[in-house]
Amino acid sequence: MIEPKTALKLSIRDNTAVLLHPVEVGEEIGILFENRLIEQITARNSIDRYHKIALLDISSRAKIYKYGQPVGCASEAIRLGEHVHIHNMNSVVMTDVH
Amino acid sequence: MYIEAYPRPDGTFGIRNKILVLSTCGCANETAARIAARAEGAVCIPNPKGCGQIGLGREIAKRCLTGFALNPNVYGIILVGLGCETLPPAPLYDHIATLTKKPLEMITIQEEGGTLRAIEKGVRLAQNMSLDMSRQSREKTDISHLLFATNCGGSDATSGIAANPALGACSDLLVAAGGVVMIGETTELIGAEHLLARRAKTPEVAKRVLLIVQTLERRLAELGIDIRGVNPSPGNIKGGLSTLEEKSVGGITKGGTTPITEVTPYGVRPVQKGLIIMDTPGYDIESVTGMVAGGAQLCAFTTGRGTPTGNPLVPVLKITGNAETWHCMEDDTDIDVSAIVRGEMSIAQGGKLIFDQVIAVCNGQYTKAELHGYTESAVYRNYEIWCDCI
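Conventions we followed
Per chain, residue numbering runs from 1 following the sequence as it is written. Chain A is the first chain written and ligand 1 is the first ligand written, with later ones labelled in order. Restriction of local features to residues with pLDDT of at least 70 applies here, the model being predicted, together with a cutoff of 80 or more for giving and counting side-chain atom pairs; totals for whole chains, interfaces and linings are based on all residues. Side-chain measures here rest on the full set of heavy atoms in the structure, leaving out hydrogens and waters. The criterion for strand pairing is that DSSP finds at least two bridges linking the strands in question. For the purposes of this entry, the term helix denotes a DSSP run of H or I that reaches at least four residues, the term strand denotes a run of E that reaches at least two, and both are numbered from the N terminus. Residue contacts are defined here by distance: any two heavy atoms, one from each residue, within 4.5 Å place the two residues in contact. For any pair of parts, buried area is found by adding up, for both, the accessible area (1.4 Å probe) each one loses once the two are put together. Salt-bridge detection follows one rule: a side-chain nitrogen of Lys or Arg within 4 Å of a carboxyl oxygen of Asp or Glu. For the purposes of these results, a polar contact is taken to be a pair of N or O atoms within 3.5 Å, where, inside protein, one atom must be able to donate a hydrogen and its partner to accept one; residues adjacent in sequence count only when each atom of the pair is a side-chain atom. We call a residue buried when its accessible area falls under 20% of the maximum for its residue type, exposed when it is over 50%, and partly exposed in between, using a 1.4 Å probe and counting protein chains only.

Draft legend 1. Highlighting the sheet that holds strand β6 (residues 63-66) of chain A. Residue and element names in this part refer to chain A. Here three strands make up an open sheet; going across it, the order is β6-β7-β9 and the pairing antiparallel. Strands with a single pairing partner mark the edges of an open sheet, and in this sheet they are β6 and β9 (89-90). Two elements, strand β7 (residues 69-74) and β9, share two bridges in a ladder whose sense is antiparallel. Within β9, the position partnered with C73 by the bridge is N90.

Right under this line is the structure:
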């Protein structure tokens, strides 16, 4: 049997999870929270291991949550199952530099 | 909780016994290195400057050289200088002598009559010191004498999930036992400073936490520098970290959950017990060096992508939460907590695993960086603005 691919949701507040395996477009991913499988989602992109995947549809400029903390904001609308990284999220610190 | 350590005349305890051959300026580096190579237990810290330094740069250098000499892992010190530098060995010798009664000697190359005479005198002094040092044995002492530095380098997404929180659990155990834990890397507190300020023991400490971060942000802004160009680094981004605040929120967990009791400038020894923030730059070698100058006897270093970093005076204990890094860089890494990522180990279990290794290293067990004999050291120079230092 092939081991199911999984991602960790680190806090109940989070709208992203951290992938524990590299995934391909269309693959099913089990979301783990506190060692329990809480839901299953489908990857919309090929994504590297340890990168973030969206657990919800996130509107442009909404906060991205990881560890229960805001770690940036969406620079465009992000759909459930999409890769969340530097191409679609920004830092909100040090933005007054520009 | 007890460790076996070497008592020093100033009341501190070393977990290693080293003779520090300290070059006071770049012109004396080769001479100092040759002296250290000829005496068992001696280690050389070279100095990239020591001359041609002015203002705050000179002050930081003097503070750190003094701090190295006072570090509890140092049994005795041999200062090696040229004689005409702006940070001359004689006043530094006098300054250190007012602060500690450790064995302390000085060689000035121009006064000894050149390289060969300076090396001969230095080797004799170092060997005599080494003989005295070899007669000293470890004594049982309380773990509360430990000043425990933490640092992270080559972070990836596993750092914030496994290695940093597990180290945090170890930090909590050390603080509960009466020890001192230091976190630093002010660049990587940006975006998480509010979380730390909320945990400050007093309103003054909370103000200092916010001040070091805001000062750094303001100075970078004044210089027109976009910190996001270097932080998160290309390696951090490849490892799944997208923003500086994501790295910061994952990074601060290595200090654990106890109140912040003090914020101390770069290279300055804290006076409080508990969890301390030292204002250090994000560059690992400079950050660890500042904490060593501030009196840390041991550094726990979390890494996602792996690093060989050591230090001349303190063991650097490497911890990773990345299973691939453990397999590919086991020669450089001491502890694997990747089972946390797989859900097979709790963060508390990871913390206990690190704590037990910390005790073993305090009692003399080598780290991988010590096995390699690696001795990276770099005093922060304030021309690139990464921390405040005042």
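Draft legend 2. Main features of the interface of chain B and chain A. Facing the 33 residues of chain B at the interface are 27 residues of chain A. For the pairing of chain B and chain A, the buried interface totals around 2,400 Å² over both sides, and the portion due to carbon and sulfur atoms is 62%. Linking chain B with chain A are three salt bridges, by the criterion used here. Across the pair E246(B) and K66(A) runs a salt bridge whose closest N-O atoms are separated by 2.8 Å. Linking chain B with chain A are 14 residue pairs in polar contact (both at pLDDT 80 or more), by the criterion used here. Every element with two or more residues in the side of chain B that touches chain A is listed here: α6 (157-176), α7 (193-197), α8 (203-222), α9 (234-238), α10 (244-251) and α12 (323-328) of chain B. The element that contributes the greatest number of residues to the side of chain B that touches chain A is α10(B), accounting for five residues.

Draft legend 3. Inspection of the side chain of S91(A) at higher detail. Within the secondary structure, S91(A) sits in the segment after β9. In this structure the side chain of S91(A) is engaged in a polar contact, spanning 3.2 Å, whose partner is the backbone nitrogen of V93(A). Of note is the side chain of S91(A), whose polar atom sits 2.6 Å from the side chain of E245(B).

Draft legend 4. Seen up close, the pairing of strand β3 (residues 28-33) of chain A. Residue and element names in this part refer to chain A. Most of β3 sits inside the fold, with five of its six residues counted as buried. Bridge analysis of strand β1 (residues 5-8) against β3 gives four bridges, and the strand direction is parallel. Bridge assignment links T6 to a residue of β3, and that residue is G30. In this structure, β3 lies alongside strand β4 (residues 36-42), joined through six bridges in antiparallel fashion. Within the sheet, the bridge partner assigned to F33 lies in β4 and is R36. Count of turn residues in the β3/β4 antiparallel hairpin: two residues, of which E34 carries a positive phi of about 50 degrees.

The quantities given are spatial measurements derived from coordinates; they are silent on function.
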